[in-house]
Amino acid sequence: MSEEVVIPGCFLGESVTAGEGTFVEENRVYSMVYGLVKRDKKEVEVIPLSGKYLPKAGDLVIGKVIESTFSMWILDINSPYDGLLRLSNYPKRIEKEDMQKEMRVGEMVITRIKEVEFPMRINLSMDDRKCAVIREGVVVEITHTKIPRVIGKGGSMINLIKKKIGCNIFIGQNGRIWLSGSDKKIELAAETILKIEREAHVNRLADRIDRFIKEKKKGKGKNAK
Amino acid sequence: MQNRPEKLINDGVRLDGRGADEIRPIKIEAGVLNRADGSCYIEWGGNKVLAAVYGPREAHPRHLQDPRKAIIKYRYNMASFSVEDRKRPGPDRRSVEISKVSREALAPVLMLEYFPRSSIDIFVEILQADAGTRTTGITAASVALADAGIPMKNLVSAISVGKADGEVVLDLIREEDNYGEADMPVAMITETGDITLLQMDGNLTEEEFIKALNFAKKGCESVYKLQRRSLIEKYEKSCSD
């Protein structure tokens, strides 16, 4: 266990740049959350072990339509605040009457957070080529703090899963992950992702996941025979 | 209820065998509830308390929302079986007061401005009571808040001090609370020494008060260490599984 766990209020250093999850008091940097310390050459930050997703402009998230009003859709984005997708931020020009046809209540949508207005009014947009309404596959939900582990260093973990299982994966920053492909592939990918969430802070996680996928595949092969 | 013991302190030894400045055994476990965002179970002498934290989540009713920061809700509740004579369930004058002072004891460490318009809900259930339940509740709630990943400046630790048989004693048991001369719950941010809760029932002289406060400081230091350890243990446990 090489990682350093801290509780809120733990002293982290003097005259270092305070990254996320920290606060400064009289030039001294302290942790603000219960989590793991990450030190760079100059900056120190604390990655929380739990907590709610706080929307940030530019993030791609997966939202669930919970209401459709006369000029916008209201989306649950797995955060304390709802996301608002206005008709004017929708890529296609559609009539108000057709809103229900484009996106129904209960459907999952990949959207981008356009801006966060005071006081926490979240405006969404669809102006990214990845943005779309999800019409196939499965969306699984994990704690958003574990998303960086699912992606891995420079995308290593996610590429491993994609390569070994061969299903399409889209990761929303808010902790929702969209999987598409054959049912069997989706099932295995979902199991793998939940395993990563459970064992997020184990050392050499990639090797474990690699072995896990191999074993699962072998097991299935035997059953088929 | 049993009658008053003849003596609360015999030759400097208290009814349960402790010295004046010793605390009861404490066991803290973080993350015991799966549905809650953060939780904590604590056994402190005869007290058994469960704390759960939800949020930040949308505040209801909406007129309570604050556009600049999150609001805190704190609910202190005693189970009907937590004391010898059945406690009539539901909020009463005492529990409403304790909820208010406990909420205000925790507010100074919480960084509420990160979550405008939302609410952080804290539930503290007293399963078994043996004096000092409000301080036990605050100690547990503070661990549960950290476990929920809520931004905080530090942890809050709490302990009670008082006077029994003319002597200042730390961490009262029920007999000392019922038949003693004074009871003073204290909550503080141990690392900075800031006091966030201080109440007193009974009388203390100025000298006794200063002595009691020093006892409380010492007590909070021990409590803080146990709080920190419970959170670190939770992480280590999740690694070894």
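Keep in mind it's a predicted model, so treat the numbers as computed, not measured.

Colleague: Could you clarify how one ought to interpret the overall build of chain B in this entry?
Modeller: Within chain B, the secondary structure is distributed over four helices and 12 strands. For 241 residues, the compact-globule estimate of 2.2 N^0.38 gives 18 Å, and chain B sits close to it at 18 Å. Overall, the C-alpha framework of chain B stretches about 55 × 40 × 35 Å when taken along its three principal axes. By the burial criterion, 53% of the 241 residues in chain B qualify as buried. Taking all contacts inside chain B whose residues are at least 6 apart in sequence as the whole, residues at least 24 apart take part in 67%. Considering chain B, the positive charge centre built from 34 side chains and the negative charge centre built from 38 side chains are found 7 Å apart.

Colleague: Even after reading the chapter, I still don't get the confidence of the model for chain A, so can you show me in this structure?
Modeller: Predicted coordinates in regions of low pLDDT should not be interpreted in detail. The predicted model of chain A has a mean per-residue pLDDT of 88, with 96% of residues at 70 or higher. Mean pLDDT across the secondary structure elements of chain A bottoms out at helix α5 (residues 205-224) of chain A, with 77, and peaks at strand β5 (residues 28-31) of chain A, with 95.

Colleague: Explain the pattern of salt bridges to me, please; I cannot follow it from the model alone.
Modeller: Residues and elements named next belong to chain B. This model, assessed by the stated rule, comprises 37 salt bridges over all chains. Of the charged contacts, one joins D66 and K69 as a salt bridge, the two residues approaching to 3.4 Å between their closest N and O atoms. Judged by its relative accessible area of 12%, D66 is buried. We classify K69 as partly exposed; its relative accessible area is 37%.

Colleague: Looking at this model, I keep getting lost on the packing of helix α3 (residues 156-165) of chain A against helix α4 (residues 183-198) of chain A. Mind explaining?
Modeller: Between two packed helices, what matters for the description is the angle formed by their axes and the separation of those axes. Residues and elements named next belong to chain A. Running from N to C, α3 and α4 point in directions that differ by 155°, and their axes come no closer than 10 Å. On the basis of their axis angle, the class for α3 and α4 is roughly antiparallel. The two elements α3 and α4 cross, and the hand of that crossing is right-handed. Residue-level inspection shows M157, I161 and I165 of α3 in contact with α4, the latter providing K185, L188, A189, T192, I193 and I196.

Colleague: So what exactly am I meant to see when it comes to the nonpolar core here?
Modeller: Note that soluble globular proteins tend to have their nonpolar side chains buried in a common cluster. Core analysis: the biggest nonpolar cluster contains 101 residues, and W73(A), M103(A), I122(B), I138(B) and L145(B) have the highest contact counts within it. Residues lining this core come from more than one domain, with at least three contributed by each of domain 1 (5-48) and domain 2 (60-134) of chain A.

Colleague: I keep staring at helix α2 (residues 133-147) of chain B and nothing clicks. Help me out?
Modeller: Along an α-helix, residues three or four apart share an orientation, since each turn contains 3.6 residues. Residue and element names in this part refer to chain B. The end-to-end C-alpha distance of α2 is 21 Å, a good match for the 21 Å that 15 residues give at a rise of 1.5 Å each. Burial runs high along α2: 15 of the 15 residues are buried. A positive backbone phi angle near 75° is found at G149, which sits one or two residues after α2.

Colleague: Help me understand the pairing of strand β7 (residues 43-48) of chain A, please; the structure alone is not making it clear to me.
Modeller: Residue and element names in this part refer to chain A. Of the strand pairs in this sheet, strand β3 (residues 17-18) and β7 are connected by two bridges, and their pairing is parallel. Looking at the pairing, T17 lines up with E43 of β7. Alignment of strand β6 (residues 35-39) against β7, held across five bridges, turns out to be antiparallel. Paired with G35 across the bridge in β7 is P48. Taking the residues that link successive antiparallel strands as the turn, the β6-β7 hairpin has three residues.

Colleague: Can you help me understand the interface of chain B and chain A in this one?
Modeller: Where the parts come together, the accessible area they lose is often given as the size of the interface. At the interface, 32 residues of chain B touch 27 residues of chain A. Of the roughly 2,600 Å² buried where chain B meets chain A, counting both sides, 63% is carbon and sulfur surface. Three residues, F115(B), R117(B) and Y235(B), lead the burial of chain B against chain A; their summed loss comes to 23% of the area buried on that side. The tally of links from chain B across to chain A stands at one salt bridge. Measuring nitrogen to oxygen at the nearest pair gives 3.2 Å for the salt bridge that ties D37(B) to K52(A). The interface formed by chain B and chain A contains 10 residue pairs in polar contact (both at pLDDT 80 or more). The dominant element in the side of chain B that touches chain A, judged by the number of residues it contributes, is helix α4 (residues 206-240) of chain B, at eight residues. Tallied by class, the residues present in the side of chain B that touches chain A amount to 16 nonpolar, five polar and 11 charged.

Colleague: Is there a simple way to explain the packing of aromatic side chains in this structure?
Modeller: Any two aromatic rings considered together are summarised by their centre-to-centre distance and by the angle between their planes. All names here are of chain A. Scanning the entire structure with this criterion turns up four aromatic pairs over all chains. An aromatic cluster is present here, built from F11, F23 and Y30 joined pairwise through their rings. Positioned above the aromatic ring of F11 is the side chain of R28, whose terminal nitrogen or guanidinium carbon lies 4.2 Å from the ring centre.

About the criteria used
Residues numbered from 1 in each chain as written. Chains lettered and ligands numbered in written order. Predicted model: local features only at pLDDT ≥ 70, side-chain atom pairs only at ≥ 80, totals over all residues. Heavy atoms only, no water. Helix = DSSP H or I, 4+ residues; strand = E, 2+ residues; numbered from the N terminus. Rg over C-alpha atoms; globule rule 2.2 N^0.38 Å. Buried < 20%, exposed > 50% of the residue type's maximum accessible area, 1.4 Å probe, protein only. Contact = heavy atoms within 4.5 Å. Lys, Arg positive; Asp, Glu negative; His and termini not counted. Charge placed at Lys NZ, Arg CZ, Asp CG, Glu CD. pLDDT = per-residue confidence, 0-100. Salt bridge = Lys/Arg side-chain N within 4 Å of Asp/Glu carboxyl O. Axes fitted to C-alpha atoms, helices over the stretch in contact; angles between N-to-C directions. Parallel < 35°, antiparallel > 145°, perpendicular 65-115°, else oblique. Left-handed = near helix turned anticlockwise from the far one by under 90°. Core = buried A, V, L, I, M, F, W, Y, C linked by side-chain atoms within 4.5 Å. Domains from an automatic or database assignment. Expected span 1.5 Å × (residues − 1). Pairing = 2+ DSSP bridges. Buried area = accessible area lost by both parts, 1.4 Å probe. Polar contact = N/O pair within 3.5 Å; in protein donor to acceptor, adjacent residues only side chain to side chain. Nonpolar A, V, L, I, M, F, W, Y, C, P; charged D, E, K, R; others polar. Phe/Tyr/Trp six-rings, centres within 6.5 Å; stacked < 30°, edge-to-face > 60°. Lys NZ or Arg CZ within 6 Å of the ring centre and 35° of its normal.

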